[in-house]
Amino acid sequence: MRKPNRRVLPTIIGVSVLTTLAANTAVLIARGHDGDPAPSPQEKRARYVAASGSTSLSPGAVAPLGKRLTPHVLVAAPSALPAATIAKIRGAKGVKGVEVVDAVQGMVAGKRVGLMGVDPSTFRNYTPKPTAQSDALWRNVASGDVAISFTMGSDGGVKLGSQVPVGGKQHQSNLRVGAYATMGISDVDAVVSHATAQALGMPTGNAMLISVPKTKPAAFIKKLKKVLPKHAKAVAVNPQIDFPRAGSDHAPTSHGQVMTAGQVQTVIKAAYSRIGWPYVWGGESEAEGGYDCSGLMQYAFARAGIRLPRVAADQARVGWVIPYNKAVPGDMLIWANDPTAPGYISHIALYIGNGKMVVAPRTGLDVMIQNVYTRNLKGAVRVSPKLAAQLSS
């Protein structure tokens, strides 16, 4: 369901990587300072411990679940965030928690995805409840497994327990898929331990999650910019979707706010033109031989001049969420099918009327017309071209 927009990449210790921020809003090149020698594993570990305060880096050792915190802001930089900056943010007003991680775009099972290196003992506290509560999941990650998102496994066909290549061209390892577990962060489809991230040549401690429950993320990010290093950026993590109450319909109908009749017809015609194409997880074009659910939406709406974000969780925010019984042709339908992240939008399709939709279902099936099913259906999205453009910039 995902493959973020990306640019031509340099390398870090032989691994082609880039940092992806939460909602596809920023792309940063991950690399060291030109001419600086690559730090040794011992130096990288020391930096990480100093920045994160981590003490549970022994393989297989995982602390019990602590107090769960919701991540509201993600900060990422091309290289390690300064320990002094992290300490200052930890002590800032309204901050309830800071988790330092390694964050890149890397190859997992042949797909380019958001990949994080984490301390399983502490990072688990920032994940959705079902994911956070699984001791076995985090023990597997600590022991060297990779945990992949529910959609990458169920829709993408990557089997639990299988061995998959993870990393870049020069630093690549075959890791066991130890769990299906969505972390609740857009574009993050795979998690490994910090030790495994080091072995893959990932940047060390170049990102952090911040919990600020009583402060609006936008306001906090504005203040953050004053203390962050020059090349560091910050974005909100998965802004809440305003799901409708039963019987409500607050979507506007005027032109300029929603699609024109001509745009609706173009979108539907484009979706029809992809019927019969294979489902390909991460697919968004003919060049990749097929489409996934959000890739199909991105393709169809682009034909009408409407640019959508890449993943379903972000596409759900490009308009007004209304009840399914208010849906009209051209609306998108959204589902929260992921048991590891309740409420997280993990599937999307195009409504064409009369209880029918055009959808890219999952690996092994083609793009097709299906009857709309209501299990885990969260509603319909009345697309705003203007809002879509803002979220895709």
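Because the structure is predicted, anything quoted here is derived from the model rather than measured. (Residues numbered from 1 in each chain as written. Predicted model: local features only at pLDDT ≥ 70, side-chain atom pairs only at ≥ 80, totals over all residues. Heavy atoms only, no water.)

Asks: Sorry if this is basic, but what is going on with the overall build of the chain here?
Replies: Counting its secondary structure elements, the chain contains twelve helices and 21 strands. Across the 393 residues of the chain, 54% fall into the buried class. Roughly 16700 Å² of accessible area belongs to the chain as shown, and the carbon and sulfur atoms make up 52% of that amount. (Helix = DSSP H or I, 4+ residues; strand = E, 2+ residues; numbered from the N terminus. Buried < 20%, exposed > 50% of the residue type's maximum accessible area, 1.4 Å probe, protein only. Areas by Shrake-Rupley, 256 points an atom, 1.4 Å probe, with all protein chains shown as cover.)

Asks: Any chance you could explain the side chain of Asp338 here in plain terms?
Replies: Structurally, Asp338 is set in the loop between strand S17 (332-335) and strand S18 (347-353). Of note is the side chain of Asp338, whose polar atom sits 2.3 Å from the side chain of Thr182. Within polar-contact distance, the side chain of Asp338 engages the side chain of Thr340 at 2.6 Å. (Polar contact = N/O pair within 3.5 Å; in protein donor to acceptor, adjacent residues only side chain to side chain.)

Asks: Which parts of the structure should I look at to understand the pairing of strand S6 (residues 97-108)?
Replies: Along any regular strand the residues' side chains alternate between the sheet's two faces. Within S6, eleven of the twelve residues are buried, which leaves it mostly tucked inside the rest of the structure. The pairing of S6 with strand S12 (residues 207-211) spans five bridges and is antiparallel. Bridge pairing in S12 places Val100 opposite Met208. Bridge count for S6 against strand S7 (residues 111-118) is seven bridges, and the pairing is antiparallel. (Pairing = 2+ DSSP bridges.)

Asks: Help me understand the confidence of the model for the chain, please; the structure alone is not making it clear to me.
Replies: For residues with low pLDDT, the predicted coordinates do not support detailed interpretation. With 80% of its residues at a pLDDT of at least 70, the chain reaches an overall mean of 83. For the stretch residues 1-53, pLDDT sits under 50, and the model shows 152 contacts to residues farther than four places along the chain or on other chains. (pLDDT = per-residue confidence, 0-100. Contact = heavy atoms within 4.5 Å.)

Asks: Could you clarify how one ought to interpret the packing of aromatic side chains in this entry?
Replies: Where two aromatic rings form a pair, the distance of their centres and the angle of their planes describe that pair. This structure, assessed with the given rule, holds five aromatic pairs. Through a chain of ring-to-ring contacts, the aromatic side chains of Trp277, Tyr291 and Tyr299 assemble into a single cluster. Over the aromatic face of Tyr299 sits the side chain of Arg303, whose NZ or CZ is 4.4 Å from the ring centroid. (Phe/Tyr/Trp six-rings, centres within 6.5 Å; stacked < 30°, edge-to-face > 60°. Lys NZ or Arg CZ within 6 Å of the ring centre and 35° of its normal.)

Asks: So what exactly am I meant to see when it comes to the pattern of salt bridges here?
Replies: When the charged atoms of two side chains with opposite charge come close together, those side chains can pair. All told, the structure shown has seven salt bridges when counted by the stated rule. A salt bridge links Arg274 to Glu286; the shortest N-O distance between them is 3.1 Å. Taken together, the residues span a long stretch of sequence, with Arg274 in the loop between helix H9 (261-273) and strand S14 (284-285) and Glu286 in the loop between S14 and strand S15 (290-291) at a distance of twelve residues. Using a relative accessible area of 7% as the deciding quantity, one classes Arg274 as buried. Here Arg310 and Asp292 are joined by a salt bridge, their closest N and O atoms 3.1 Å apart. Of the two residues, Arg310 sits in the loop between helix H10 (293-302) and helix H11 (312-315) while Asp292 sits in the loop between S15 and H10, which places them 18 residues apart along the sequence. Residue Arg310 shares its accessibility class with Asp292, and that shared class is buried. Connected through shared salt-bridge partners, Glu284, Asp292 and Arg310 make up one network. (Salt bridge = Lys/Arg side-chain N within 4 Å of Asp/Glu carboxyl O.)

Asks: Before we go on, may I ask you to explain helix H5 (residues 135-142) in this structure?
Replies: Think of an α-helix as 3.6 residues a turn; residues three or four steps apart then line up on the same face. For H5, the full list of buried residues reads Leu137, Trp138, Val141 and Ala142. Taken down its axis, H5 places every buried residue within 130° of arc, on the same side. Of the surrounding elements, those touching the buried residues of H5 are S7, helix H3 (120-123), helix H4 (129-133), strand S8 (146-148), strand S10 (172-180) and strand S11 (188-193). At the C-terminal side of H5, Gly144 shows a positive phi close to 115°. (Arc of directions from axis to C-beta.)

Asks: Explain the sheet that holds strand S21 (residues 377-383) to me, please; I cannot follow it from the model alone.
Replies: Sheet architecture is open: six strands sit in the order S16-S21-S17-S18-S19-S20, paired in antiparallel fashion. Each end of this open sheet is capped by a strand with a single partner; those strands are strand S16 (319-322) and strand S20 (368-371). For this sheet, the mean angle separating the axes of adjacent strands, direction not counted, is 35°. In the sheet, S17 pairs with S18 via four bridges, with the strands oriented antiparallel. When the bridges of S18 are listed, Ile334 appears paired with Ile348. Where H10 meets the sheet, its contacts fall on S17, S18, strand S19 (356-359) and S21, and the angle it forms with S18 comes to roughly 50°. (Axes fitted to C-alpha atoms, helices over the stretch in contact; angles between N-to-C directions.)

Asks: Looking at this model, I keep getting lost on the nonpolar core. Mind explaining?
Replies: Across soluble globular proteins, nonpolar side chains show a tendency to be buried alongside one another. Among the nonpolar cores identified, the biggest contains 53 residues, and Val108, Leu115, Val146, Phe301 and Met332 are the most heavily contacted of them. By residue number, the principal contributor to this core is H10, which donates six residues. Not counting residues up to four positions away in its chain, the partners in contact with Val146 are Val164, Val166, Leu175, Arg176, Val177, Gly178, Ala179, Ala190, Val191 and Val192. By size, the runner-up hydrophobic cluster in this structure holds 23 residues, among which are Val101, Phe123, Ala147 and Val191. (Core = buried A, V, L, I, M, F, W, Y, C linked by side-chain atoms within 4.5 Å.)

Asks: Quick question: what am I supposed to make of the environment of Gln265 here?
Replies: Within the secondary structure, Gln265 sits in helix H9. Placed 39 residues apart in sequence, Gln265 and Ala304 show a C-alpha to C-alpha distance of 8.7 Å.

Asks: Before we go on, may I ask you to explain the environment of Arg375 in this structure?
Replies: With respect to the helices and strands, the residue Arg375 is situated in the loop between S20 and S21. Taking the relative accessible area as the measure of exposure, Arg375 reaches 67% and is therefore exposed. With 38 residues separating them along the chain, Arg375 and Asn337 place their C-alpha atoms 8.3 Å apart. Residue contacts for Arg375: discarding those within four places in its chain leaves Trp335 and Asn337.

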